[in-house]
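# Descriptive analysis of the structure
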Amino acid sequence: MLQRRSQALVLCVSISFSISELWSLHSPKALVMGAEQCQELVQNWSTGTLPPRPDQDWILRQLKLQGYPWTHNASALGQYREQLGGCCNASADLVLTQNNTQNGSQIVYDGEPAKKYLVDEKLLEMLPQVSPFQDAPYNSCAVVGGGGILQNSSCGPEIDRAQFVIRINPPWGFPPMNFSDDVGNKSNIVTMNPSVLRDRFGSLINQHRHFAEVVGAYGAPLLLIPAFSFAGDSNVSFQALYILKNFSSPVRTFFMNPKYLAGLDGHWRCRGLCAKRLSSGFMLLNAALELCQHLTLYGFWPFPTDPEGRPLPYHYYDKQTPKPGVHTMNDEFTRYLGMHLQGALRLHLGRCQEGPAGGRAQQGSEGGGSEMSPPAPQFHLTPSPGTKGGK
């Protein structure tokens, strides 16, 4: 125990004295953190002792702590993969398949456990025989959220270099090429909430071709829809699958497995994350922890201002405001931050840099993100106009 505390103290001292100029330049109001404060925070991350309602000020203190170069930790990622494999098993059960869904069984809606759907031949015909993730693990993955922090980030090329790109609820109804400089073009998975089918495509009553064209603009990804989270979502989700098939779309539709989602919710409730419903981003991030050997998060920042205090829209593509009371985005973000600190994933904030100067090209490439890649700054924050430095 004494040895562990001394190691933590050494780590804290080194962190405290190596806090990047990045933070001090961008946040002049930030206080210098002493070794004892640093030690306490590192221990809190290690033991899961987090504030019950982390706010933006608390998050910014943690960002100030993370000023040292990030290093991939395969062991830490392996621990998450083992835990999540035991409760959830994304490679086999993230989506419904004929292998994990028996004819005559009942599917329990994860958002409405009192309601069930009787499996019949008609449903089985919509499902693939096996999971589409048989090729996992993928060497490098980019998980792209919709946060306004992606605006003017120039992260598109870096995202596209990942072997496997997961896009969380992208801007349906907006041409994706409008944002390609910041978010890229490549898509292997895209998610869509059934509410989008109702609100933006008129419950698919008359907008069949328009729906097929909008979804087809993302190429030939896997389209993941939580069709069995709430009973009112199933039929419109089935309609989406049929429309894409009728138009011979290269997009393949899959229904997220409510048993997987319920297991994931229980897994994190046992670890103190008690949300009315986990966000789509958090769900797919957990799947990526199982499916990917190296992963980077982009666009995951739930606050109205960036780390420098500049205003941000909630999404990079519209002016919509968050819906209160559904997700606990701050709590989820603390988990991302903790995973980043452990080296299980890389959390990217701010602008991306091209080429060897920032060490980013190797990080985002199919063969990148390994321990041999040049270390990237833990949080790459863009300097305000007129600020010197900003490396």
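Everything that follows concerns the structure shown earlier in this document.
These remarks concern the structure in this document. As the structure is a prediction and not an experimental result, all values here were calculated from the model. (Residues numbered from 1 in each chain as written. Predicted model: local features only at pLDDT ≥ 70, side-chain atom pairs only at ≥ 80, totals over all residues. Heavy atoms only, no water.)

### Focus on the packing of aromatic side chains
For clarity, the threshold we go by: The aromatic pairing rule takes the rings of Phe, Tyr and Trp, using the six-membered ring of Trp, and pairs them if the centres are within 6.5 Å, calling planes under 30 degrees apart stacked, those over 60 edge-to-face and the rest tilted. Only DSSP runs of H or I with at least four residues qualify as helices, and only runs of E with at least two residues qualify as strands; both kinds are numbered from the N terminus onward. Only protein chains enter the accessibility calculation, which uses a 1.4 Å probe; a residue whose area is less than 20% of its type maximum is buried, one above 50% is exposed, and one in between is partly exposed.
For the coordinates displayed, the defined rule picks out 18 aromatic pairs. For the pair phenylalanine 179 and tyrosine 316, a centre-to-centre distance of 5.4 Å together with 75° between the ring planes defines the contact as edge-to-face. Pair noted here: phenylalanine 179 is in the loop between β4 (164-167) and α9 (180-183) and tyrosine 316 is in the loop between β8 (295-298) and α15 (329-342), with a separation of 137 residues, a long-range link. Look at tryptophan 268 and phenylalanine 282: their rings are 5.2 Å apart centre to centre, the planes differ by 70°, and that puts the pair in the edge-to-face class. Of this pair, tryptophan 268 sits in helix α13 (residues 258-269) while phenylalanine 282 is found in helix α14 (residues 280-291), placing the two residues 14 residues apart along the sequence. Given the relative accessible area of 6%, tryptophan 268 is considered buried. By relative accessible area, which is 0% here, phenylalanine 282 ends up buried. An aromatic cluster is built from Trp268, Phe282, Phe300, Trp301, Phe303, Phe333 and Tyr336, whose rings are joined through pairwise contacts.

### Observations concerning the environment of arginine 209
With respect to the helices, strands and loops of the structure, arginine 209 is situated in helix α11 (residues 208-216). The exposure class assigned to arginine 209 is exposed, which follows from its relative accessible area of 52%. Taking C-alpha positions, arginine 209 is 8.1 Å from isoleucine 243, a pair spaced 34 residues apart along the chain.

### A word on the nonpolar core
Let me state the cut-off plainly: Within this scheme, the nonpolar core is defined by two criteria: the residues are buried Ala, Val, Leu, Ile, Met, Phe, Trp, Tyr or Cys, and they are joined through side-chain atoms within 4.5 Å. Residues count as neighbours in contact if any of their non-hydrogen atoms are within 4.5 Å of one another.
Judged by nonpolar contacts, the single largest core of 51 residues is most densely connected at Leu94, Phe133, Leu224, Leu284, Leu289 and Leu295. Among the elements that take part in this core, α14 stands out by supplying 8 residues, more than any other. In this view, leucine 295 contacts Leu77, Cys141, Leu285, Ala288, Leu289, Ala344, Leu345 and Arg346; residues no more than four positions away in its chain are not counted.

### Some thoughts on the pattern of salt bridges
Test applied: For this analysis, a salt bridge means a side-chain nitrogen from Lys or Arg found within 4 Å of a carboxyl oxygen belonging to Asp or Glu.
Under the defined criterion, the tally for this structure stands at 7 salt bridges. Residue arginine 346 pairs with glutamate 158 through a salt bridge whose shortest N-O separation is 2.9 Å. Of this pair, arginine 346 sits in strand β9 (residues 346-347) while glutamate 158 is found in helix α8 (residues 156-160), placing the two residues 188 residues apart along the sequence. Measuring nitrogen to oxygen at the nearest pair gives 2.8 Å for the salt bridge that ties arginine 269 to aspartate 265.

### Describing the packing of helix α5 (residues 74-87) against α13
To keep things clear, this is the line we draw: Under this scheme, a helix contributes an axis fitted over its contacting stretch, all axes are lines through C-alpha atoms, and angles between N-to-C directions fall in the 0 to 180 degree range. Note that the term roughly parallel is reserved for angles under 35 degrees, roughly antiparallel for angles over 145, roughly perpendicular for angles of 65 to 115, and oblique for everything else. Here a crossing is called left-handed whenever its near helix is offset anticlockwise from the far helix by less than a right angle, and right-handed whenever the offset is clockwise.
Where α5 contacts α13, the two axes come as close as 9 Å, and the packing angle between them is 125°. On the basis of the axis angle, α5 is oblique to α13. Every pair of crossing elements has a handedness; the one defined by α5 and α13 is right-handed. Contacts between α5 and α13 involve Tyr80, Gln83, Leu84 and Cys87 from the former and Gly263, Leu264, His267 and Trp268 from the latter.

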